Amino acid sequence: MLFHVRMDVQLPPDLDPDARASLLARERDRALELQAAGSWPELWRIVGEYANFSIFDVESNDDLHEILSSLPLFPYMSIQVTPLARHPSKLGA
(Lines give C-alpha, C1' and ligand atoms only; values in the text may rest on other atoms or scores of the structure.)
Protein backbone atom coordinates (compact mmCIF):
# COMPACT_ATOMS: atom_id res chain seq x y z
CA MET A 1 0.00 0.00 0.00
CA LEU A 2 1.26 3.44 -0.89
CA PHE A 3 0.72 6.48 1.30
CA HIS A 4 1.51 10.15 0.74
CA VAL A 5 2.52 11.63 4.09
CA ARG A 6 3.14 15.25 4.99
CA MET A 7 5.14 15.75 8.17
CA ASP A 8 5.49 19.20 9.75
CA VAL A 9 8.03 19.45 12.57
CA GLN A 10 7.72 21.93 15.44
CA LEU A 11 10.57 21.56 17.90
CA PRO A 12 10.32 23.54 21.14
CA PRO A 13 12.37 26.72 20.82
CA ASP A 14 13.88 26.15 24.26
CA LEU A 15 15.05 22.59 23.51
CA ASP A 16 18.56 22.02 24.83
CA PRO A 17 21.02 22.20 21.89
CA ASP A 18 22.65 18.87 22.79
CA ALA A 19 19.26 17.16 23.11
CA ARG A 20 18.25 18.68 19.76
CA ALA A 21 21.40 17.41 18.04
CA SER A 22 20.90 13.92 19.49
CA LEU A 23 17.24 13.88 18.48
CA LEU A 24 18.03 14.92 14.90
CA ALA A 25 20.81 12.34 14.62
CA ARG A 26 18.46 9.57 15.80
CA GLU A 27 15.78 10.76 13.35
CA ARG A 28 18.25 10.68 10.47
CA ASP A 29 19.42 7.17 11.40
CA ARG A 30 15.83 5.90 11.59
CA ALA A 31 14.90 7.54 8.27
CA LEU A 32 17.93 5.98 6.57
CA GLU A 33 17.06 2.58 8.04
CA LEU A 34 13.48 2.77 6.73
CA GLN A 35 14.65 3.95 3.30
CA ALA A 36 17.16 1.09 3.05
CA ALA A 37 14.39 -1.37 3.98
CA GLY A 38 12.20 -0.01 1.16
CA SER A 39 9.40 1.23 3.42
CA TRP A 40 10.19 4.91 2.74
CA PRO A 41 11.04 5.13 -0.99
CA GLU A 42 10.51 8.90 -1.40
CA LEU A 43 11.44 11.78 0.90
CA TRP A 44 11.18 15.41 -0.24
CA ARG A 45 11.86 18.61 1.68
CA ILE A 46 9.21 21.33 1.35
CA VAL A 47 11.07 24.51 0.41
CA GLY A 48 11.01 27.17 3.11
CA GLU A 49 9.36 24.94 5.74
CA TYR A 50 10.51 22.49 8.38
CA ALA A 51 8.37 19.84 6.69
CA ASN A 52 8.50 17.05 4.15
CA PHE A 53 6.40 15.10 1.70
CA SER A 54 7.07 11.38 1.76
CA ILE A 55 5.84 8.23 0.08
CA PHE A 56 5.64 5.14 2.24
CA ASP A 57 5.21 1.65 0.81
CA VAL A 58 3.90 -0.64 3.55
CA GLU A 59 1.53 -3.59 3.99
CA SER A 60 -1.17 -1.90 6.07
CA ASN A 61 -2.43 1.18 7.89
CA ASP A 62 -1.16 -0.38 11.11
CA ASP A 63 2.34 -0.80 9.63
CA LEU A 64 2.39 2.86 8.62
CA HIS A 65 1.27 3.94 12.09
CA GLU A 66 3.96 1.79 13.68
CA ILE A 67 6.62 3.33 11.44
CA LEU A 68 5.51 6.92 11.96
CA SER A 69 5.26 6.53 15.72
CA SER A 70 8.76 5.00 15.77
CA LEU A 71 10.30 8.21 14.44
CA PRO A 72 12.20 10.11 17.15
CA LEU A 73 10.61 13.38 15.98
CA PHE A 74 7.07 11.90 16.14
CA PRO A 75 6.13 13.76 19.37
CA TYR A 76 6.96 17.04 17.61
CA MET A 77 5.18 16.33 14.31
CA SER A 78 1.86 17.19 12.80
CA ILE A 79 1.17 14.44 10.24
CA GLN A 80 -1.31 14.18 7.38
CA VAL A 81 -1.73 10.81 5.63
CA THR A 82 -3.34 10.20 2.23
CA PRO A 83 -3.74 6.62 0.91
CA LEU A 84 -2.78 6.33 -2.77
CA ALA A 85 -3.95 4.15 -5.67
CA ARG A 86 -2.33 3.73 -9.07
CA HIS A 87 -3.71 6.05 -11.75
CA PRO A 88 -4.74 4.32 -14.98
CA SER A 89 -3.36 7.16 -17.12
CA LYS A 90 0.16 6.89 -15.68
CA LEU A 91 2.73 6.03 -18.30
CA GLY A 92 3.48 2.34 -18.06
CA ALA A 93 0.37 1.54 -16.01
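Under an unreviewed UniProt entry, the protein has the name Muconolactone Delta-isomerase and belongs to Kribbella speibonae. UniProt lists a comment for the protein under the heading Subunit (unreviewed entry), and it reads "Homodecamer."

**Focus on the pattern of salt bridges**
Applying the stated rule across the entire model yields three salt bridges. The partner of Glu49 in a salt bridge is Arg6, with the nearest N and O atoms 2.4 Å apart. Taken together, the residues span a long stretch of sequence, with Glu49 in the loop between strand S2 (42–45) and strand S3 (51–57) and Arg6 in strand S1 (residues 2–9) at a distance of 43 residues. Look at Arg6 and you get buried, because its relative accessible area is 18%. In this structure, the salt-bridge partner of Arg30 is Glu33, at a minimum N-O distance of 3.0 Å. Residue Arg30 and its partner Glu33 are located together in helix H1 (residues 17–36), separated by three residues, close to a single helical turn. Accessibility expressed as a relative area gives 46% for Glu33, which makes it partly exposed. What you see here is one network of salt bridges that share partners, running through Arg6, Asp8 and Glu49.

**Some words on the sheet that holds strand S4 (residues 77–84)**
Strands sit in the order S2-S3-S1-S4 across an open sheet of four strands; the sheet is antiparallel. The open sheet has two free edges, formed respectively by S2 and S4, since each of these has just one partner strand. Recorded for the sheet is a direction-independent mean angle of 15° between the axes of neighbouring strands. Relative to S3, S1 runs antiparallel, the two sharing seven bridges. Following the sheet pairing, Arg6 is matched in S3 by Phe53.

Calculation notes
Along each chain, numbering runs from 1 in the same order as the chain's sequence is written. With pLDDT at 70 or above as the cut-off, local features in this predicted model cover only qualifying residues; side-chain atom pairs require 80 or more to be listed or tallied, and sums for whole chains, interfaces and linings still use all residues. Here the side-chain values reflect all heavy atoms present in the structure, with hydrogen atoms and water set aside. UniProt positions are given in the numbering used here, feature names are shortened, and annotations may be inferred rather than shown by experiment. Any Lys or Arg side-chain nitrogen found within 4 Å of a carboxyl oxygen on Asp or Glu counts as a salt bridge. The helix and strand labels rest on DSSP assignments: H or I over at least four residues marks a helix, E over at least two residues marks a strand, and numbering proceeds from the N terminus. Type-normalised accessible area, obtained with a 1.4 Å probe on protein chains alone, sets the label of each residue: buried when under 20%, exposed when over 50%, and partly exposed for intermediate values. DSSP-based pairing: two strands are paired if at least 2 bridges between them are found. Between N-to-C directions, angles span 0 to 180 degrees; the directions come from axes that are lines fitted to C-alpha atoms, helices contributing only their stretch in contact.

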